[in-house]
Each structure stands twice: as structure tokens, then as C-alpha cells.
Amino acid sequence: SAMNRIDFYNHNTEIRSLTNDTDITFRTTTGDSTSELMRLDGSASSVKIPDSVNLQVGNDSDLLISHSGTNSTITQNTGNLITSAYGGDLIFQTQHTNGTDIIFNTKYSSTTTEIMRIDGSTSRIGIGTTTPQHKLDVDGTIRSSHNIISNANEEVVGVIVDVDKSGCSGYALSLIHISEPTRPY
């Protein structure tokens, strides 16, 4: 069987090797209180960081990774946070039996605004709405530089069409089976 091990080197010279159940634990002590900061787990060949301890990368915490026991946060404090998938797909996935949502927020100053939601329980996408009622539900104006095509045999209700003719030598607009919108009064 393969042996799990963690090796420590100093200028290409091995200074310590941990095998099987051997752990190295980094702790901090203040007065009579000792707190674990990080554990190098020899049995799992992994690094474990306890809840509520932040992992800081860079001189000024340029990248901060934290976990509170419930929520995990990755914060990029300088520059861009770039996620790349070379040679494969970039997958955003939640794993929960109740269909967890994927939410895209922006934050300016102290104001957080939800921009888009993918509803995990209904497989619907909402832009400008937190409760999408259709496969794609947009609360706001939609602009398309190309055709919007529907293969469904449904009515188009309450259509407002603004045709921008600038830069076009010709244009056409075809609407089939348009009905009056229902008025609330």
C-alpha cells in the first residue's frame, strides 16, 4: 500500500518527513489560552485550518480566505480575482438536496446589490429579480443586437418595440398574434 507522507525541505535538503499518523500543529498561546492555527495532517496528506482562522496571502492580505463554520469567503483586496480552467470546464456548483441558488452580487461602498440569481430548485435564471418565474426572467429592459426567436406557439402580450434604424440600410419587423395586455383597472 502507498504511504502518506509530508516532507519538509530547506534548500533541497530534507529536514523532516512525516508518515502515516504524524501531524504537525501550529498553535498560538496567549496567557493560559492556546489556539490551533493550522495542522499538517500526515494521515490525510492535507493542511487543515480550523474555523474562524483566516488564511492570508500576500504582504497586505491581498487575498483572504476565511471560513466561519457556516460560510466561506474569498476576498481579493487588490487587483483582480481571476478564476481560470485550462483544459477543462469552469464549474460553479452547489450541492444541497433543496436546490441551493447561485447568486451574483456587486458591492459598492457599503451597498450590496444582487445582479443575477440562478434558482437551484427551479433551474430558472433571474436578472433583476430574486424570484424568477420563467426559464429566463428579466426585470428591466432587454436589448438585443440580433434576433430573439421563439419556437413556442404562444401569444406575445404587451409588446413595446423601439426600432433603432441608425446605420441600417433596411429593417423589418414581424409580429404574429399580438394581443392587448390585460389592464389592471
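Basis of the calculations
Residues numbered from 1 in each chain as written. Predicted model: local features only at pLDDT ≥ 70, side-chain atom pairs only at ≥ 80, totals over all residues. Heavy atoms only, no water. Helix = DSSP H or I, 4+ residues; strand = E, 2+ residues; numbered from the N terminus. Buried < 20%, exposed > 50% of the residue type's maximum accessible area, 1.4 Å probe, protein only. Contact = heavy atoms within 4.5 Å. Areas by Shrake-Rupley, 256 points an atom, 1.4 Å probe, with all protein chains shown as cover. Pairing = 2+ DSSP bridges. 1 Å grid on protein atoms, 1.4 Å probe; cavity = no way out; pocket = protein on both sides within 12 Å on 5 of 7 lines; lining within 4 Å. Points joined across faces, edges and corners; volume = space filled by probe spheres on them. pLDDT = per-residue confidence, 0-100. Patch = residues over 30% accessible without salt bridge, like charges linked within 9 Å, V, L, I, M, F, W, Y side chains within 5 Å. Salt bridge = Lys/Arg side-chain N within 4 Å of Asp/Glu carboxyl O. Lys, Arg positive; Asp, Glu negative; His and termini not counted. Axes fitted to C-alpha atoms, helices over the stretch in contact; angles between N-to-C directions.

Looking at the overall build of the chain
When you go through the chain residue by residue, the secondary structure sums to zero helices and 14 strands. Helices (α) and strands (β) of the chain occur, in sequence order from the N terminus, as β-β-β-β-β-β-β-β-β-β-β-β-β-β. Taken across its 185 residues, the chain has 6% of its residues classed as buried. Summarising the internal contacts of the chain: among those between residues at least 6 apart in sequence, 6% fall at separations of at least 24. As presented, the chain carries roughly 15800 Å² of accessible surface, and 48% of it is formed by carbon and sulfur atoms.

With respect to the pairing of strand β10 (residues 111-119)
Two elements, strand β9 (residues 102-108) and β10, share seven bridges in a ladder whose sense is antiparallel. The partner of Thr106 across the bridge, within β10, is Thr113. Between β9 and β10, which pair antiparallel one after the other, the connecting turn spans two residues, and Ser109 there sits at a positive phi close to 60°. Here β10 pairs with strand β11 (residues 124-127) via four bridges, running antiparallel. Pairing of Met116 across the sheet is with Ile127, part of β11. What sits between β10 and β11 in their antiparallel hairpin is a turn of four residues, with Ser123 showing a positive phi close to 60°.

Concerning the layout of surface pockets
Taken as a whole, the second largest pocket holds about 580 Å³ of empty space. Along the wall of the second largest pocket there are 16 residues; nearest its centre are Ser72, Phe92, Ile102, Ile103 and Phe104. Taken together, the elements giving at least two residues each to the lining of the second largest pocket come down to β8 (72-76) and β9. Here the lining of the second largest pocket gets five residues from one element, more than from any other, and that element is β8.

As for the confidence of the model for the chain
Mean pLDDT over the chain works out to 76, with 69% of the residues at or above the 70 mark. Per-element averaging of pLDDT across the chain places strand β13 (residues 156-157) at the bottom with 52 and β11 at the top with 95.

Focus on a nonpolar patch on the surface
A grouping of Val47, Ile49, Leu55, Val57, Ile65, Ile74 and Leu81 is seen on the molecular surface, where their side chains present a nonpolar patch of about 580 Å² in accessible area. According to the relative accessible area criterion, Ile65 is partly exposed, its value standing at 34%.

Some remarks on the side chain of Asp119
Tracing the backbone through its elements, the reader meets Asp119 in strand β10. We note that Asp119 is buried and unpaired, the nearest opposite charge coming from Arg117 at a distance of 6.3 Å. Excluding residues that lie within four positions of it along the chain, Asp119 makes contacts with Asp101, Arg124 and Pro132.

Some details on the sheet that holds strand β7 (residues 63-67)
One key point about sheets: their strands pair by backbone hydrogen bonds, in either a parallel or an antiparallel sense. Within the open sheet, the three strands sit side by side as β6-β7-β8. Their pairing is antiparallel. In this open sheet, the two edge strands, each paired with only one partner strand, are β6 (55-57) and β8. Here the average twist between neighbouring strands, direction ignored, is 10°. Note that β6 and β7 share three bridges and pair antiparallel. Residue pairing in the sheet places Leu55 in a bridge with Ile65 of β7.

Digging into the sheet that holds β10
In spatial order, the strands read β9-β10-β11-β12; together these four strands make up an open sheet with mixed pairing. The open sheet has two edge strands with one neighbour each: β9 and β12 (136-138). Adjacent strand axes in the sheet meet at a mean angle of 20°, parallel and antiparallel pairs treated alike.

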